[in-house]
Amino acid sequence: SQQGEEDPQALSIQEGENATMNCSYKTSINNLQWYRQNSGRGLVHLILIRSNEREKHSGRLRVTLDTSKKSSSLLITASRAADTASYFCAPMDSNYQLIWGAGTKLIIKP
Amino acid sequence: DGGITQSPKYLFRKEGQNVTLSCEQNLNHDAMYWYRQDPGQGLRLIYYSQIVNDFQKGDIAEGYSVSREKKESFPLTVTSAQKNPTAFYLCASRYSTEAFFGQGTRLTVV
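Residues numbered from 1 in each chain as written. Chains lettered and ligands numbered in written order. Predicted model: local features only at pLDDT ≥ 70, side-chain atom pairs only at ≥ 80, totals over all residues. Heavy atoms only, no water.

1. Here we look at the state of the cysteines
Scanning the model with the defined rule gives two disulfides over all chains in all. A sulfur-sulfur separation of 1.8 Å characterises the disulfide bridge that pairs A:Cys23 with A:Cys89. On the sign convention where negative is left-handed, the bridge of A:Cys23 and A:Cys89, at about 55 degrees about the S-S bond, is right-handed. Of the two residues, A:Cys23 sits in strand E3 (residues 19–24) while A:Cys89 sits in strand E9 (residues 85–92), which places them 66 residues apart along the sequence. Comparing A:Cys23 with A:Cys89, the two get one shared label, buried. Put simply, B:Cys23 and B:Cys91 are joined by a disulfide, and their sulfur atoms are 1.9 Å apart. Every disulfide takes its handedness from the sign of the S-S torsion; for B:Cys23 and B:Cys91 that torsion is -75 degrees, giving left-handed. Residue B:Cys23 is located in strand E3 (residues 19–25), and its partner B:Cys91 is located in strand E9 (residues 87–95); the two are separated by 68 residues in the primary sequence. Like B:Cys91, B:Cys23 is buried. (Disulfide = S-S within 2.5 Å. Helix = DSSP H or I, 4+ residues; strand = E, 2+ residues; numbered from the N terminus. Buried < 20%, exposed > 50% of the residue type's maximum accessible area, 1.4 Å probe, protein only.)

2. Points about the pairing of strand E10 (residues 104–109) of chain A
Residue and element names in this part refer to chain A. Burial of E10 is one-sided: the residues Thr104, Leu106 and Ile108 facing one way are buried, the residues Lys105, Ile107 and Lys109 facing the other way are not. In terms of strand pairing, strand E2 (residues 10–14) meets E10 through five bridges, oriented parallel. The residue of E10 that forms the bridge with Gln14 is Lys109. Note: E9 against E10, three bridges, orientation antiparallel. Looking at the pairing, Ala85 lines up with Leu106 of E10. (Pairing = 2+ DSSP bridges.)

The following block contains the structure:
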């Protein structure tokens, strides 16, 4: 069910800059996952952060989680043209259901 | 090569026809999901199955049906009762807390 919300809805930056996307949700969660979707394609799993973790890194990705504020952020450093895609955060509730928002559309300008 | 395979990639349906979308996984995952995605939107849950021979309705199950006769397969039938079936359909499977997606099927009513 759609109870998540990403912010901003769209983001356009120059190649090499950092991109930050935020996510908020309403329920208690087991973990929170970030996915990337290229236009017309399936979703690619980027990173999972557990509810007892506050920060996680994977390559150029940095994810934070604040369960008290029910929010998360995804930072992509040194952006590349290939990072152009839609990004979704998906909190997973206690029933192992993923909660989806409308995503953030990221455009990297060369 | 492990993963989730959805077929076909593109599907055209005449009004009043039922069509079946295929989803096969060789990841040995127990849980499988079907989502619908409309342009610029997040994912909405149609049906899910936690185990063979069992499945549950999601948020938008009306006009859809599924079966789960084998662990590897979770086909989705879009029936003529679904009034607005044109959309992008995504299948996913889950092991523990991590979910993986197929490449999607784009269904268009002609």
